[in-house]
Structures are given as structure tokens and as C-alpha cells.
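Structural overview
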Amino acid sequence: MPKKEENNGRKKKHGHGIKKWEKLMDELLPYLMHRYITVNLSYSYDDITSVPNHPISYEVIGSMISERKINTQIPDEDQAIEW
């Protein structure tokens, strides 16, 4: 893990976020493609705004996943996103 860096006295990085893109076709609907974006995060910060003169330290480690369903039968990709 890279060395922690201080950022304006409030945030400390643990490293760079890791991103992963994945495309999978739907097993039941063969025209439907699932796009997944996974972001892994690790950082810490001091909240200096909630309680005056008493910073609260937080550490965040985790991941976020976003999914888009794309109808491959529609040629315009902007219109092919299914909500």
C-alpha cells in the first residue's frame, strides 16, 4: 500500500482507487448486455465541520458497483440504456 499523504490537513490517501469494467450478456435475454463498473476505495479523513474544535476521524474502505443494462438491438447506445 502506498504511503499515506496529507491533503490540506484533512484527507489522507491510502492509495489509488482501483476500477474494473466488466461486460456480461444476459443468460435469459440474449440481446441484453450488463455493464458493471466496480470502484474499490480506501481513504481516511478528519471531519472538522461537525463539532467545533473536535475533529472526528473516519476511515473508509470498500467498493461501489454500478450496473448499466444495454439493449444491443438498439443501434444508438445513448438510447439503448434500459432503466
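Please refer to the structure placed before this passage.
Cut-offs and rules
Residues numbered from 1 in each chain as written. Predicted model: local features only at pLDDT ≥ 70, side-chain atom pairs only at ≥ 80, totals over all residues. Heavy atoms only, no water. Helix = DSSP H or I, 4+ residues; strand = E, 2+ residues; numbered from the N terminus. Areas by Shrake-Rupley, 256 points an atom, 1.4 Å probe, with all protein chains shown as cover. Buried < 20%, exposed > 50% of the residue type's maximum accessible area, 1.4 Å probe, protein only. Pairing = 2+ DSSP bridges. Phe/Tyr/Trp six-rings, centres within 6.5 Å; stacked < 30°, edge-to-face > 60°. Salt bridge = Lys/Arg side-chain N within 4 Å of Asp/Glu carboxyl O.

Turning our eyes to something else, we now look at the overall build of the protein chain. Helices and strands together make up the secondary structure of the protein chain, namely one helix and six strands. In the protein chain, the succession of α and β elements from N to C terminus is β-β-β-β-β-α-β. Summed over its atoms, the accessible surface of the protein chain is roughly 7,100 Å², and 53% of this surface lies on carbon and sulfur atoms.

As a further point, take the pairing of strand E3 (residues 18–25). The buried count for E3 comes to zero of eight residues, which makes it a mostly uncovered element. Linking E3 to strand E4 (residues 32–47), which pair antiparallel, is a turn of six residues.

Following the criterion strictly, the structure yields two aromatic pairs and no others. Seen from their ring centres, tyrosine 43 and tyrosine 45 are 6.0 Å apart, and the 25° between their planes marks the pair as stacked. Seen from their ring centres, tyrosine 45 and tyrosine 58 are 5.2 Å apart, and the 20° between their planes marks the pair as stacked. Taken together, the residues span a long stretch of sequence, with tyrosine 45 in strand E4 and tyrosine 58 in strand E5 (residues 56–71) at a distance of 13 residues. Taking relative accessible area as the criterion, tyrosine 45 reaches 27% and is therefore assigned partly exposed. Here the aromatic cluster, defined as three or more aromatic residues joined through ring pairs, consists of Tyr43, Tyr45 and Tyr58.

So, about the pattern of salt bridges. Under the definition given, this model contains one salt bridge. Here arginine 35 and glutamate 77 are joined by a salt bridge, their closest N and O atoms 2.7 Å apart. One end of the pair, arginine 35, is in strand E4; the other, glutamate 77, is in helix H1 (residues 77–80), and 42 residues separate them in sequence.

Any functional reading would require information beyond the geometric quantities listed.
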